[in-house]
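Geometric and topological summary
Here is how the chains run, residue by residue.
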Amino acid sequence: MAWAAGQSGDHARRDELYRQAAAALGSVRAYVDLITVLGNLGGSAQQNREIFAAQAAWLVVKVQAPVDKSIEVLALLFNLVPQGDPLEPLLAAAATIIVATRVGNHPQREKLFEAAAKLLSIAASNAGIQSQEAAQQWFAENRLSDADHVFQRLLALLEQLIGDRWIFDRAPLQ
C-alpha cells in the first residue's frame, strides 16, 4: 500500500504507511522485512531519510540479513551522510567485512565485492587519501579490517545519529 501511495504521488501517506509497517514488523521481530521497509523509507521519505537508513544499517549489523540487502542498506546510508562523515569508512568497512564473511556462492558475488570496494575507495578519497601506501596506512590506523572494532564503533555512531527517534523497539536485540 505504501508503494502504491508513493506511485500516486501521495508521499505523506506513503511515509505514514511505511512507518506503520515498520512498527508492526518490529513488534513481531520480522527484522529482515523491517530492514527492507526502513531502507525504503531511507530511500524515499520526505524527512529523516538518514534516520531510517541508519536504523536499517543498525539492524544489518545486529541480524543475519541477506548480503545483497545488507550492502544495499549500507550504501544507501553511505550516500546520505555528508562527505567525510566519520560513518563513511565504517560503513564501507562493514560492507567489505559482510561481503567477505557472508557472500558464499551468491549469484552476484563479484558485483557485491565491487560495490563494497567502491564504498571503501570513496571513503578513502573523501578522507584525502591519494596513494596506495597512504590508503594502507589509513586502513590500518582506523582498524578497518578489525570486524569487532568496525561493528562496535559503527553501532555506537548509528545509535548517536538516531538518538531517540527509533521507529521500532530495539531492546530484544541489545
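Refer to the structure above for everything that follows.
Residues numbered from 1 in each chain as written. Predicted model: local features only at pLDDT ≥ 70, side-chain atom pairs only at ≥ 80, totals over all residues. Heavy atoms only, no water.

Bringing the overall build of the chain into the picture now. Check the secondary structure of the chain and you find nine helices and zero strands. Taken over the C-alpha trace, the chain has a radius of gyration of 16 Å; the compact-globule value for 174 residues is 16 Å, and the two agree within 12%. Seen along its three principal axes, the alpha-carbon backbone of the chain occupies a region of about 50 × 35 × 30 Å. Among the 174 residues that make up the chain, the fraction classed as buried is 44%. Here the analysis covers contacts within the chain between residues at least 6 apart in sequence; of these, 63% occur between residues at least 24 apart. Roughly 9,100 Å² of accessible area belongs to the chain as shown, and the carbon and sulfur atoms make up 48% of that amount. Taking the 15 positively charged and 18 negatively charged side chains of the chain as two groups, their mean positions are separated by 4 Å. (Helix = DSSP H or I, 4+ residues; strand = E, 2+ residues; numbered from the N terminus. Rg over C-alpha atoms; globule rule 2.2 N^0.38 Å. Buried < 20%, exposed > 50% of the residue type's maximum accessible area, 1.4 Å probe, protein only. Contact = heavy atoms within 4.5 Å. Areas by Shrake-Rupley, 256 points an atom, 1.4 Å probe, with all protein chains shown as cover. Lys, Arg positive; Asp, Glu negative; His and termini not counted. Charge placed at Lys NZ, Arg CZ, Asp CG, Glu CD.)

This paragraph deals with the packing of aromatic side chains. Taken as a whole, this structure holds three aromatic pairs when the rule is applied. Centroid distance Trp58 to Trp166: 5.0 Å. Interplanar angle 75°. Geometry classified as edge-to-face. You can see Trp58 sitting in helix 4 (residues 49–62) and its partner Trp166 sitting in the segment after helix 9 (147–162), a full 108 residues away along the chain. By relative accessible area, which is 17% here, Trp166 ends up buried. With a centroid separation of 6.2 Å and 55° between ring planes, the pair formed by Trp58 and Phe168 is classed as tilted. Here Phe168 lies in the segment after helix 9 and Trp58 lies in helix 4, a separation of 110 residues in the sequence. Accessibility expressed as a relative area gives 0% for Trp58, which makes it buried. Through a chain of ring-to-ring contacts, the aromatic side chains of Trp58, Trp166 and Phe168 assemble into a single cluster. (Phe/Tyr/Trp six-rings, centres within 6.5 Å; stacked < 30°, edge-to-face > 60°.)

With that settled, the discussion passes to the nonpolar core. Counting residues in hydrophobic clusters, the biggest one holds 65 residues, and the most contacted among them are Leu38 and Leu59. Among all residues touching Leu38, those that are not within four sequence positions of it are Ala22, Phe52, Ala53, Gln55, Ala56, Leu59, Ile167 and Phe168. (Core = buried A, V, L, I, M, F, W, Y, C linked by side-chain atoms within 4.5 Å.)

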